[in-house]
Each structure stands twice: as C-alpha cells, then as structure tokens.
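Read off the chains here:
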Amino acid sequence: MADRKGRHGMLSICVICVGKLGEKFWKQACDEYIKRLQGYCKLEVIELPEQKMPDRPSAGQLEAALKKEAGLIESKIPQGAAVIAMCVEGKTMSSEALAQTVRQMTVSGTSKIAVLIGGSCGMDEALKQQAKLRLSMSPMTFPHHLARVMVLEQIYRALNIIGGGKYHK
C-alpha cells in the first residue's frame, strides 16, 4: 500500500481525451476500469470536443484544428504533472516496463501524471514535445474510442503490478 500512496498522498492521474465516446459499450468498458482504479489512484478523465473538419482537410486546416485541440488539452494538464502523450510514433513498452516507469516517476517525487489521448487526427507536435514519455500502444491502428479503454486498462494493470496484485498474472 505504501507504494501507491507516496509521500504526498495518493497518486493523481488525469486522462485527457479529445473526442466523445460514441457507443455505450465503450463507456461501459471505461467505467469498469475507472471503478477498478479508485483503490489505486485519484483518477480524473477529461473529455474535450474534437474540432470539426471537412472530410478531406488541407494540411493547414488539420494543423489549425490540432493546434486548437492542443490549447484545450494544455489548459487541462494539472500543474506539475508528468505528461505521457499517447502517439503511434511513441515508444512501445511492456506492461511491466510501464509499471516500472510509473514507479520511477512516483519515487522521483511525481504525485501527478497526465495521460494525453489526441483526437482521431492525432496530436499537435508541440504538445508531444512537452511529454516526459511518448507512448505507443502498437504500430497497429485501433478505433479511437478503444484507445481510451486500452489506456485505462494499462494504467490499472501498471498500478496493480506496482501494488503486487494478482490481476497481471
């Protein structure tokens, strides 16, 4: 239990997502992991609106939309939080390695982590450059809504590994 709490109380994790969850089953899956995470950390999931764009946006329209989304995301990152940006070109790591990374962050005094999930068109490069870790789930393409479920599940798995739980087995 001491691992989870750290010196400054319970670890605070903020998952900032661009785009609304569509179907009810995505929300149900997210809610399940949110419920499971309650014993491990103070979790906040912030959902931001995706910018409206034409079917075939120009490079300029795409860049403008990503910049606008980045501004919204930045305004929600808790002060002093270590930022993890989810991006396809990021580093891939095992669940154990993610748990080790989170453990190292908390041991070095981090009490807040912000996990950023961009919209279906990605994330602004400047925002990714601010991240302590650029993390990729896989080089495969997944439905955008599934990414949120996978991120919540991996946070749960990492904190369970840190806490010596049996979920990971």
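Going by the structure above, here's the rest.
Okay, so let's go over this structure. (Residues numbered from 1 in each chain as written. Predicted model: local features only at pLDDT ≥ 70, side-chain atom pairs only at ≥ 80, totals over all residues. Heavy atoms only, no water.)

Considerations on the packing of aromatic side chains
How two aromatic rings sit relative to each other is given by the distance of their centres and the angle of their planes.
(1) Moving on: This structure, assessed with the given rule, holds four aromatic pairs.
(2) Moving on: Seen in terms of ring centroids, Tyr-40 and Tyr-156 are 5.6 Å apart; in terms of plane orientation they differ by 85°. Their pairing is edge-to-face. In this pair, Tyr-40 sits in the loop between helix 2 (24–37) and strand 2 (42–48) while Tyr-156 sits in helix 6 (residues 144–162), placing the two residues 116 residues apart along the sequence. A single burial state applies to Tyr-40 and to Tyr-156, both of which are buried.
(3) Moving on: When the ring of Tyr-156 is compared with that of Tyr-167, the centres are 4.6 Å apart and the planes differ by 65°; the resulting orientation is edge-to-face. Placement of the pair is Tyr-156 in helix 6 and Tyr-167 in the segment after helix 6, with a sequence separation of eleven residues.
(4) Moving on: Assessed through its relative accessible area of 10%, Tyr-156 is described here as buried. (Phe/Tyr/Trp six-rings, centres within 6.5 Å; stacked < 30°, edge-to-face > 60°. Helix = DSSP H or I, 4+ residues; strand = E, 2+ residues; numbered from the N terminus. Buried < 20%, exposed > 50% of the residue type's maximum accessible area, 1.4 Å probe, protein only.)

Considerations on helix 6
(1) Moving on: Between its first and last C-alpha, helix 6 extends 28 Å over 19 residues, near the 27 Å set by a 1.5 Å rise per residue.
(2) Moving on: Counting buried positions along helix 6 yields 15 of 19 residues, so the element is predominantly enclosed.
(3) Moving on: Where helix 6 terminates, the next one or two residues include Gly-164, which has phi positive at roughly 75°. (Expected span 1.5 Å × (residues − 1).)

Looking at the packing of helix 2 against helix 6
(1) Moving on: It is at 9 Å that the axes of helix 2 and helix 6 come closest, and there the two elements cross at 20°. What the angle tells us is that helix 2 and helix 6 run roughly parallel. For helix 2 against helix 6, the interelement crossing comes out left-handed. Facing Trp-26, Ala-29, Cys-30, Tyr-33, Ile-34, Arg-36 and Leu-37 of helix 2, the residues of helix 6 in contact are His-145, Leu-146, Arg-148, Val-149, Leu-152, Glu-153, Ile-155, Tyr-156 and Leu-159.
(2) Moving on: Looking at side-chain class alone, the contact of helix 2 with helix 6 contains twelve nonpolar, one polar and three charged residues. (Axes fitted to C-alpha atoms, helices over the stretch in contact; angles between N-to-C directions. Parallel < 35°, antiparallel > 145°, perpendicular 65-115°, else oblique. Left-handed = near helix turned anticlockwise from the far one by under 90°. Contact = heavy atoms within 4.5 Å. Nonpolar A, V, L, I, M, F, W, Y, C, P; charged D, E, K, R; others polar.)

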